[in-house]
Amino acid sequence: MLDLLIRNAALPDGRTGMSIAVQGGRIAEVTAGLDMPAAETLDAGGMLVTPHFVDPHFHMDATLSYGLPRVNQSGTLLEGIALWGELKPLLTTEALIERALAYCDWAVAKGLLAIRSHVDTSDPSLLPVQALLEVKRRVAPYIDLQLVAFPQDGVLRSPGGVENLKRALDMGVDVVGGIPHFERTMADGAASVKLLCELAAERGLPVDMHCDESDDPLSRHIETLAFEAQRLGLQGRVTGSHCTSMHSMDNYYVSKLLPLIAEAGVSVVANPLINITLQGRHDTYPKRRGMTRVPELMAAGVNVAFGHDCVMDPWYGMGSGDMLEVANMGLHVAQMTSQAGIRQCFDAVTGNAARILGLQGYGLEAGCDASFVLLQARDPVEAIRLRAARLKVYRKGRLVAESAPVASGLHLEGRPGSTSFMHQ
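Small disclaimer: the values here were computed from a predicted structure and weren't measured.

Chemist: Mind showing me how you'd approach the overall build of the chain here?
Modeler: Counting its secondary structure elements, the chain contains 13 helices and 18 strands. For 424 residues, the compact-globule estimate of 2.2 N^0.38 gives 22 Å, and the C-alpha radius of gyration of the chain, at 22 Å, lies within 12% of that figure. Seen along its three principal axes, the alpha-carbon backbone of the chain occupies a region of about 65 × 45 × 45 Å. Evaluated residue by residue, the chain yields a buried proportion of 56% over its 424 residues. Restricting to contacts in the chain with at least 6 residues of sequence separation, those with at least 24 account for 74%. Accessible area for the chain stands at about 17000 Å²; split by element, carbon and sulfur atoms hold 53% of it. A distance of 1 Å separates the average location of the 37 positive side-chain charges in the chain from that of its 47 negative side-chain charges.

What follows is the structure, encoded as C-alpha cells:
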C-alpha cells in the first residue's frame, strides 16, 4: 500500500491528469490515471503540484529585526549597512534564533523548504554563526538550510576578516562568501575574490559572493569571479549574487562578459524585490531598474535564480517569505512577460535555485524526495499571477503545512456568490 497518492494533478511541464505515488518519503511513480491503494488519497482537482520553492539568497541573521534599534528612515543600502552595524552589538543568540525560527515557520507555510542564507562573520564573536548553526540543526527535519560565511564589512577591509571567516567554516558553515565591491579599492576587491576562491578550492566548498551590488558600471568583479572559477576548476560550484552593476554596463562589454560567465559555469542570483529598491538611488530621471540582465544571462546559458534576500530587516521592511512574490516582481522588472519568460521566472524560484544549492532528490520524478506543494492554480503562469495559496505542503511525504482555498464572498444581485480570481 502507498503512503500517499495524489490524483488529477497538473505539473509545471504542462502535463495534466497526473498521479503522484509516494512511498517511504520518496516519489514512487508519476503517471496518468494511477489507481492504487494508499493510506491517504488526495484529489488535486486539476491544480498544480510543483517541487517546493527554493531561496538561493537570504540573510536569516537579520530577518524580522525591523525597527531594531530603529527603522531605516531613508530605505537605502548604506543606511541599512550602518543600521546593521548599530544592531550587531545588541544581538543575542536567543533572540536571533527565535527570529530565524519564526521566519522558517513562514517559509514552510509558503512552501519554501530550502534556503541558502548568508551569515555575517565580521564580528570576532561569530555570534550570528553560532545562532544559525543551531537554527540549521533545529529546522533540519523540514528545511534544507545552507549557510554562507559572509564577511559583511569586507574580508580584507575588516580586522581579522580572513581568520573570522575561516573559523566560521571550521564551525560547519557550508559555503565561502565575499563582498569584493565593499573592499577599499577595486584591486583589494579582486584580491579578495582570488583569496576566497582559493580557500574554497582548498576546502572543497562552494562559493557564493555578493558581487557588484552597485550602480557603478566599472564594478566588474563578476569577471574576476568567472576567471577564478575556471582557473581553479570550480565550475558549477560558484555563484555571483546581485551583479547589479551589469544593468549599467555598456552592451559591448556585456557581450564579452556573458560568455565568460557561462564558460566558467558560474550561476547568478538576482534579488528582484531588493535590487530594484536599493539600486538607482542616485538617479533622478531616467532612473535605472537596478536588476541584473536576467533574460540575457539565461539566453547565454547561465543558470539564473531569484532570491528573496531580505524580509523585515535593516534593508527591507517588507516581505513574507513568498517566492512567488519574488518571481512576480522579477518578471515585471525584467519584462519577461512572454509565456516562456513567465515560466522561466517560475523556474528561477524552483529548479534553477535548487541547482545552485546542489539539492539532491529534488524534482517530480520517480526516486525524488516527496517534497512538493499543491497550489491553488492550474499552471505556473497562474501561480505567479495569483501568488497562489499553498493548499498543501509536503516534506518527504509528510504534510507540514496547509491553507484553505482563497475565495471572496460576493453580495451582488445576479452575480455568483463568490470568486477565487481564477480565469475560467
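On we go from here.
Chemist: What exactly am I supposed to notice about the sheet that holds strand β12 (residues 266-270) here?
Modeler: Strand order in the open sheet made by the eight strands is β6-β7-β8-β9-β10-β11-β12-β13, with parallel pairing throughout. Because the sheet does not close on itself, it has two edges, and the strands there are β6 (53-58) and β13 (304-306). Between one strand axis and the next, the sheet turns by 25° as a mean value, whatever way the strands run. Relative to strand β11 (residues 238-242), strand β10 (residues 207-211) runs parallel, the two sharing five bridges. Counterpart to V207 in the pairing with β11 is V238.

Chemist: Any chance you could explain helix α5 (residues 186-203) here in plain terms?
Modeler: Taking 1.5 Å of rise per residue, 18 residues should cover 26 Å, and α5 covers 26 Å from first to last C-alpha, within 8% of that figure. Where α5 is concerned, the buried positions are G189, S192, V193, L196, C197, L199 and A200. Burial along α5 is one-sided: seen end-on, the buried residues are contained in an arc of 155°. Turned more than 90 degrees away from the buried face of α5, the exposed residues are A187 and E202.

Chemist: Even after reading the chapter, I still don't get the packing of aromatic side chains, so can you show me in this structure?
Modeler: We describe a pair of aromatic rings using the distance from one ring centre to the other and the angle between the two ring planes. Scanning all chains against the criterion turns up five aromatic pairs. An angle of 15° between the planes, with centres 4.5 Å apart, marks the rings of F58 and Y103 as stacked. Highlighted residues: F58 in strand β6 and Y103 in helix α2 (residues 93-109), separated in sequence by 45 residues. Between Y103 and W106 the ring centres are 6.3 Å apart and the planes differ by 50°, which places this aromatic pair in the tilted class. With Y103 and W106 both in helix α2, this residue pair falls three residues apart, about one helical turn. By relative accessible area, which is 0% here, Y103 ends up buried. On the accessibility criterion, W106 (32% relative accessible area) is partly exposed. One aromatic cluster is present, built from ring pairs that chain together F58, Y103 and W106.

Chemist: Where do I start with the pattern of salt bridges in this structure?
Modeler: Note that side chains of opposite charge can pair when their charged atoms are close. Following the criterion strictly, the structure yields 23 salt bridges and no others. Residue D35 is joined to R7 by a salt bridge in which the shortest nitrogen-to-oxygen separation is 4.0 Å. Placement of the pair is D35 in the loop between β3 (26-32) and β4 (41-43) and R7 in strand β1 (residues 4-9), with a sequence separation of 28 residues. Here R7 falls in the partly exposed class, since its relative accessible area comes to 33%. With its nearest N and O atoms 2.7 Å apart, the salt bridge here joins R288 to D283. One salt-bridge network, held together by shared partners, links K194, E198, E228 and R231.

Chemist: Even after reading the chapter, I still don't get the sheet that holds β4, so can you show me in this structure?
Modeler: Note: strands within a sheet are paired through backbone hydrogen bonds, in either parallel or antiparallel orientation. Spatially, the four strands line up as an open sheet ordered β3-β2-β1-β4, and their pairing is mixed. What marks the edges here is a single partner per strand, and that holds for β3 and β4. Strand-to-strand twist of the sheet, defined as the mean angle between neighbouring strand axes without regard to direction, takes the value 15°. Two strands pair when backbone bridges link them, and β1 and β4 are joined in this way by three bridges, in the parallel orientation. Within the sheet, the bridge partner assigned to R7 lies in β4 and is D43.

Chemist: It is not clear to me how the pairing of strand β2 (residues 18-23) should be interpreted in this structure. Could you clarify?
Modeler: Each regular strand carries side chains that alternate between the two faces of the sheet. When you tally the buried positions in β2, you get five out of six residues, the bulk of the element. Judged from the four bridges that link them, β1 and β2 form a sheet pairing that is antiparallel. Considered in β2, the bridge of I6 is made with I20. In terms of strand pairing, β2 meets β3 through six bridges, oriented antiparallel. Looking at the pairing, S19 lines up with T31 of β3. Hairpin remark: β2 followed by β3, antiparallel, with two residues in the connecting loop; positive phi at G24, about 60°.

Chemist: For this particular structure, what's the right way to read the packing of α5 against helix α6 (residues 221-231)?
Modeler: Running from N to C, α5 and α6 point in directions that differ by 25°, and their axes come no closer than 10 Å. Our classification of the angle between α5 and α6 gives roughly parallel. In this structure, α5 crosses over α6, and the sense of that crossing is right-handed. Packed against α5, whose contacting residues are M186, G189, A190, V193, K194, C197 and E198, the element α6 presents H221, T224, L225, E228 and R231 at the interface. For the contact of α5 with α6, a count of residues per class yields five nonpolar, three polar and four charged.

Conventions adopted
- Residues numbered from 1 in each chain as written.
- Predicted model: local features only at pLDDT ≥ 70, side-chain atom pairs only at ≥ 80, totals over all residues.
- Heavy atoms only, no water.
- Helix = DSSP H or I, 4+ residues; strand = E, 2+ residues; numbered from the N terminus.
- Rg over C-alpha atoms; globule rule 2.2 N^0.38 Å.
- Buried < 20%, exposed > 50% of the residue type's maximum accessible area, 1.4 Å probe, protein only.
- Contact = heavy atoms within 4.5 Å.
- Areas by Shrake-Rupley, 256 points an atom, 1.4 Å probe, with all protein chains shown as cover.
- Lys, Arg positive; Asp, Glu negative; His and termini not counted.
- Charge placed at Lys NZ, Arg CZ, Asp CG, Glu CD.
- Pairing = 2+ DSSP bridges.
- Axes fitted to C-alpha atoms, helices over the stretch in contact; angles between N-to-C directions.
- Expected span 1.5 Å × (residues − 1).
- Arc of directions from axis to C-beta.
- Phe/Tyr/Trp six-rings, centres within 6.5 Å; stacked < 30°, edge-to-face > 60°.
- Salt bridge = Lys/Arg side-chain N within 4 Å of Asp/Glu carboxyl O.
- Parallel < 35°, antiparallel > 145°, perpendicular 65-115°, else oblique.
- Left-handed = near helix turned anticlockwise from the far one by under 90°.
- Nonpolar A, V, L, I, M, F, W, Y, C, P; charged D, E, K, R; others polar.

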